[in-house]
Amino acid sequence: MKNFLFEVKEGLIISLKAIRANKARSVLTTLGIIIGVASVVLMSTAIKGINQSFQKGVASLGSDNLYIDKWAWFNNDIPWWEMRNRKDITMEDYKKYKELAKLPLAIAPRVNAFRTIKYEDKSVQSIAMTGTDHNYINTTNLTFSEGRFFTEFESKGGRAVVVLGSEIAKKLFPFGGAIGEFVKIGGYKFKVVGVLKEQGSWVMGSWNPDNQAYFPFQNVFKYFRSRHRGSVTIEVRAPNSQMVEAVKEEAISIMRRIRGLKYNEKDDFAINQQEGLLSNINKTVGVIQIAGLLITGLALFVGAIGIMNIMFVSVKERTKEIGIRKAIGAKRRTILGQFISEAAIICLIGGLIGLGVAIIGSMIIAQFDFPVTVDADAVILAVSISLITGVLSGFAPAYTASKLDPVDALRYE
Amino acid sequence: MNIINIEHIAKIYQVGTEEVHALADVSIRIDKNEYVAIMGPSGSGKSTLMNILGCLDTPTKGLYDFKGQNVSQMNDNELASIRNREIGFVFQTFNLLARSDALHNVELPLIYAGVPTAERRERAQAALENVGLADRMRHKPNELSGGQRQRVAVARALVTNPAIILADEPTGNLDTKTGEDIMALFQEINSSGNTIILVTHEEYIAEHAERIIRLRDGLIEKDEVVKERLVPNGNKHF
C-alpha cells in the first residue's frame, strides 16, 4: 500500500512536470474540458435554480388551496372547447357556495383584469389586477412589508384602494413611501394601502404575487369589465392539508347543486390544485434536465475526445522518452499511471477553470434575476466529472504508451 | 564469479516471409569486474546482443542466466525490474530526459526503484559529484556540453549500484578529447569494482577493455584478451 502511494505520488510529480513543460498545448487541451465542465455546472445549477423557483412559486400559492374555476389547469381529458362552452362561474355562484360550504377556512372570489399602473411619470404595464374581497388574505400566505390588506369595510364598499406586489412597488416607488399615495390604474385613481413582501418567484410570470396588485372586486366590474362577462375563480383554503380532500368533495357537490347538474351530467367546472401544477412542473423540469444534460454531455464528450487526441500525439511525440524511462526500469503500470495521471491532471485543471468560469457566469446570470448559485454539489460534480473524463480519455493513449517495446522506443527519433 | 552466462542464444526476426537471424548461436560468460568490449561491423548482431544483454529484449532461443536468474523466460515487468536494479545504460545519444535537470535525470532510476525522496536525492548528488558534475546538478541537458551530458548518463547508470554497466558507443557523439575523458571515467569505474560491457565499432575504443568479443553475421568470430590495453589520454601501461 505504501509502495502504491509512493508510485502514485511520483507519477503525479512526473506528470505535473510534463504538463508544465508543454504549457501551450496543455492549455489548448484543457479548453474543451473548461467549456464542457463550465456548461455542465452552469446547466445543473440552472436546472436546480429553475426547480427551486418553481417549488417556491408553487409554495407561495399555499399547499392547502383549491381553485374552483371554469378552466382546468391541467386536464388533457377534457377538450378545450368543451371547457370553453361551460357556463361562466358568476359572483352569484360564489355567494351561494360561500353560504353552503362548511369546511373551508377561508373563501374569496377572484376576478382579473390586466392594466397599466402609473405613478407620476413611472408606469408598469400589463399588471394582473386581482379583484377580490377582504377574505382573500386568509386564503394566502401573503405578508406585508408596509401597510395592510384592505378591510372588510373597504371591501364591501368597493373602495378605490390597492395593495401592490413588491416588484410593482419597487418600480413605482423606488425610494419607498408608497402608503397613502395615489396610483392610476387604467386612468382611475387608487390609494395604496399596503405593499407586499417579496414572496413569489419569476417562474410564475404574471401570477407571481410580486407582480400583482389587489383591490376590491367591485372595481373590476365598475371600471374594467362587465359583471356578465368572464368567469370568477373561487379561491378556497382548507383548514389543513388532511382536510383538502374533504373540502374538495364538498366543493364538488355544492357546485353541482349550484350549477343544477343532473346525476348523469359531467362537472362543468374544475377544482384546481397546486398538486397538479407541481406534477406538471416536475415534468417540465425533467425535460429541461434531460435536454440540458444531453447537450452538456456532448460538450464534455467533445472535450474528452480532444484530450484523448492530444494524449495520443503526446505519447507519439514522447516515444523516445518512454523508451528511456523503460530502459532505466519503468514498469508498464508506471508508464500507464504516468500518462493517465497526466490526462487526469490536465482535466482537473480544466475542470477547476471551468468551475471558475461557471461561477462567474452564474454571477452574471444572477444579475438578470435568474436564481443560480454554484454550491458545493456543483464543485464536487465538476471535480469528479473532470477526473473521470481525464482517466477515461487518458486510458487508451496511456495503454499504448505502456505497451511500447523499449528497443523500438529507444530507436525512435 | 559469473554475472552473465548466455548459452547458444539466437534471435530471429520475421521480416515478411523471411526469417532473419540477427544472432545465430552465441555463448558468452562474463565475470564480475570484467571490462569487455563487443565489436563488429553493422549487421553483425551487436545491437541485438546488447539489447538482450541489457534485458531490453529476450532471445528467441537459448538461455540467458543473469546472476542465477533465467532472464530468457521473464515477462516485461520482471525485465524492467532487472534493468532498474542490475543494469546501468550509457547510450551513444545520451538519452537524458530533455526537460529535466541533471539531478532529476540521475534520480529517475531510484524513483522507479522506490527509494524515498531524501535518500535518493543524496545518492543522486553523490553520483553526480563522483563524475565531477557537482556544480551542474540543476542544469538541463541542453545547458550541458556533450561530455557533461554523457557524465550525467554515467552517473545515472551508476546510481543504483548495478551489476553491469552497459555502454553502447558511449563516445560515438563526442570529440576525441571528450571521448578520452569518458573512457578515463569508465576506467576508474572499472577499477572500483564495476563490470563494464562496451559496445563499439571502433578498434581504438575497444582496446581500452580487457577483452574483445568480435561478432560477425550473428556468430562470435573471436573472443580475445587485449594484450596491450590502451589507457586513456594516450599512455600505455600494464
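Residues numbered from 1 in each chain as written. Chains lettered and ligands numbered in written order. Predicted model: local features only at pLDDT ≥ 70, side-chain atom pairs only at ≥ 80, totals over all residues.

### Description of the overall build of chain A
Moving on, step 1. Along its length, chain A carries 13 helices and 10 strands.
Moving on, step 2. Once the C-alpha set of chain A is aligned to its principal axes, its extents read approximately 100 × 55 × 40 Å.
Moving on, step 3. Taking all 413 residues of chain A together, 42% fall into the buried category. (Helix = DSSP H or I, 4+ residues; strand = E, 2+ residues; numbered from the N terminus. Buried ≥ 20, exposed ≤ 12 C-beta atoms within 10 Å, placed from the backbone.)

### Notes on the overall build of chain B
Moving on, step 1. Scanning chain B for helices and strands turns up 7 helices and 10 strands.
Moving on, step 2. Taken over C-alpha atoms, the radius of gyration comes to 18 Å for chain B, in line with the 18 Å a tight globule of 238 residues would show.
Moving on, step 3. Projecting the C-alpha coordinates of chain B onto the three principal axes gives extents of approximately 50 × 45 × 40 Å.
Moving on, step 4. The 238 residues of chain B split such that 47% are buried.
Moving on, step 5. Residue pairs in contact within chain B that sit at least 24 positions apart in sequence constitute 67% of those at least 6 positions apart. (Rg over C-alpha atoms; globule rule 2.2 N^0.38 Å. Contact = placed C-beta atoms within 7 Å.)

### Section: helix α8 (residues 244-259) of chain A
All names here are of chain A.
Moving on, step 1. Over its 16 residues, α8 runs 22 Å from end to end, which matches the ideal 22 Å to within 8%, given 1.5 Å per residue.
Moving on, step 2. Turning to α8, its buried residues number three or more, namely Val-244, Val-247, Ala-251 and Met-255. Within α8, the buried residues cover an arc of 60° as seen down the axis, which keeps them to one side. Residues Glu-245, Glu-249, Ser-253 and Arg-257 are exposed on α8 and point more than 90 degrees away from its buried face.
Moving on, step 3. Buried-residue contacts for α8 involve β1 (65-69), α4 (91-100), β9 (233-237) and β10 (270-273).
Moving on, step 4. After α8 finishes, the residue Gly-260 shows a positive phi value of roughly 65°. (Expected span 1.5 Å × (residues − 1). Arc of directions from axis to C-beta.)

### Re the domain arrangement of chain A
Moving on, step 1. If you check the domain split of chain A, you get domain 1 (2-57 + 279-411) and domain 2 (63-273).
Moving on, step 2. The C-alpha centroid of domain 2 of chain A is placed 52 Å from the C-alpha centroid of domain 1 of chain A. (Domains from an automatic or database assignment.)

### A few points about the environment of A:Gln125
All names here are of chain A.
Moving on, step 1. Mapped onto the elements of the fold, Gln-125 is located in strand β3 (residues 122-132).
Moving on, step 2. Of the residues examined, Gln-125 has 9 C-beta atoms within 10 Å and is grouped as exposed.
Moving on, step 3. With 10 residues separating them along the chain, Gln-125 and Arg-115 place their C-alpha atoms 6.5 Å apart.

### A few points about the nonpolar core
Moving on, step 1. Grouped together as the largest cluster of nonpolar side chains are 117 residues, with contacts concentrated most on A:Val41, B:Ile38, B:Ala155 and B:Ile197.
Moving on, step 2. The contacts of B:Ile38, once residues within four sequence positions are left out, are B:Lys46, B:Leu49, B:Met50, B:Ile197, B:Val199, B:Ile213 and B:Leu215.
Moving on, step 3. In terms of nonpolar packing, the next biggest core, distinct from the first, is built from 49 residues, A:Ile137, A:Val161, A:Ala178 and A:Val192 among them. (Core = buried A, V, L, I, M, F, W, Y, C linked by C-beta atoms within 7 Å.)

### Focus: the interface of chain B and chain A
Often, the extent of an interface is quoted as the loss of accessible area on bringing the components together.
Moving on, step 1. On the side of chain A, 18 residues touch chain B, which itself brings 21 residues to the contact.
Moving on, step 2. Looking at the side of chain B that touches chain A, the elements that each hand over two or more residues are α2 (76-86) and α3 (102-113) of chain B.
Moving on, step 3. By residue number, the principal contributor to the side of chain B that touches chain A is α2(B), which donates 6 residues.
Moving on, step 4. Residues that form the side of chain B that touches chain A fall into these classes: 9 nonpolar, 7 polar and 5 charged. (Nonpolar A, V, L, I, M, F, W, Y, C, P; charged D, E, K, R; others polar.)

### Quick word on the pairing of strand β2 (residues 18-31) of chain B
Residue and element names in this part refer to chain B.
Moving on, step 1. Two elements, strand β1 (residues 2-15) and β2, share 10 bridges in a ladder whose sense is antiparallel. Looking at β2, one finds that Asn-2 is bridged to Asp-31.
Moving on, step 2. Counting the residues between successive antiparallel strands, the hairpin from β1 to β2 contains 2 residues, one of them, Gly-16, with a positive phi of roughly 65°. (Pairing = 2+ DSSP bridges.)

### Some remarks on unusual backbone geometry
Residue and element names in this part refer to chain B.
Moving on, step 1. Its identity is not glycine, yet Asn-161 carries a phi of approximately 50°, on the positive side.
Moving on, step 2. Here Asn-161 shows up in the loop between α5 (146-158) and β7 (164-168).
Moving on, step 3. Its identity as a non-glycine residue notwithstanding, Glu-169 has a phi of 45°, on the positive side.
Moving on, step 4. Mapped onto the secondary structure, Glu-169 falls in the loop between β7 and α6 (176-191).
Moving on, step 5. A tally of 20 C-beta atoms within 10 Å means that Glu-169 is categorised as buried.

### Concerning the packing of α3(B) against helix α4 (residues 117-130) of chain B
Residue and element names in this part refer to chain B.
Moving on, step 1. At their nearest, the axes of α3 and α4 sit 9 Å apart, and the two run at 125° to each other. The angle between α3 and α4 places the two elements in the oblique class. Helix-helix and strand crossings are classified by hand; for α3 and α4 the assignment is right-handed. Residues Ala-102, Leu-103, Val-106, Glu-107, Leu-110 and Ile-111 of α3 form the contact with α4, whose own contacting residues are Arg-120, Arg-121, Arg-123, Ala-124, Gln-125, Ala-127 and Leu-128.
Moving on, step 2. Split by residue class, the contact of α3 with α4 holds 8 nonpolar, 1 polar and 4 charged. (Axes fitted to C-alpha atoms, helices over the stretch in contact; angles between N-to-C directions. Parallel < 35°, antiparallel > 145°, perpendicular 65-115°, else oblique. Left-handed = near helix turned anticlockwise from the far one by under 90°.)

### Focus: the pairing of strand β5 (residues 161-164) of chain A
Put simply, side chains in a regular strand alternate between the two faces of the sheet.
All names here are of chain A.
Moving on, step 1. Covered by surrounding structure in β5 are Val-161 and Val-163 together with Val-162 and Leu-164, the residues of both alternating faces.
Moving on, step 2. Of the pairings in the sheet, the one linking β5 to strand β7 (residues 188-196) comprises 4 bridges and is parallel in character. In the sheet register, Val-163 faces β7, and the bridge partner there is Gly-194.
Moving on, step 3. The pairing of β5 with strand β8 (residues 212-216) spans 2 bridges and is antiparallel. Within the sheet, the bridge partner assigned to Leu-164 lies in β8 and is Ala-213.

### With respect to the packing of helix α9 (residues 274-317) of chain A against helix α12 (residues 376-402) of chain A
Residues and elements named next belong to chain A.
Moving on, step 1. With their axes 9 Å apart at the nearest point, α9 and α12 run at an angle of 30° to one another. Classified by the angle between their axes, α9 and α12 sit roughly parallel to one another. Where α9 crosses over α12, the handedness of that crossing is right-handed. Residues Leu-300, Gly-303, Ala-304, Ile-307, Met-308, Met-311, Phe-312 and Val-315 of α9 form the contact with α12, whose participating residues are Ile-385, Thr-389, Gly-390, Leu-392, Ser-393, Gly-394, Ala-396, Pro-397, Thr-400 and Ala-401.

### Examining the confidence of the model for chain B
Moving on, step 1. Model confidence for chain B is summarised by a mean pLDDT of 90, while 97% of its residues fall at 70 or above.
Moving on, step 2. With pTM at 0.72, the complex prediction returns an ipTM value of 0.92. (pLDDT = per-residue confidence, 0-100.)

### Regarding α9(A)
Moving on, step 1. In a regular helix each residue adds 1.5 Å, so 44 residues correspond to 64 Å; α9(A) covers 63 Å between its end C-alpha atoms and thus fits that length.
Moving on, step 2. Where α9(A) is concerned, the buried positions are A:Gln274, A:Thr296, A:Leu300, A:Gly303, A:Ala304, A:Gly306, A:Ile307, A:Ile310, A:Met311, A:Ser314 and A:Val315.

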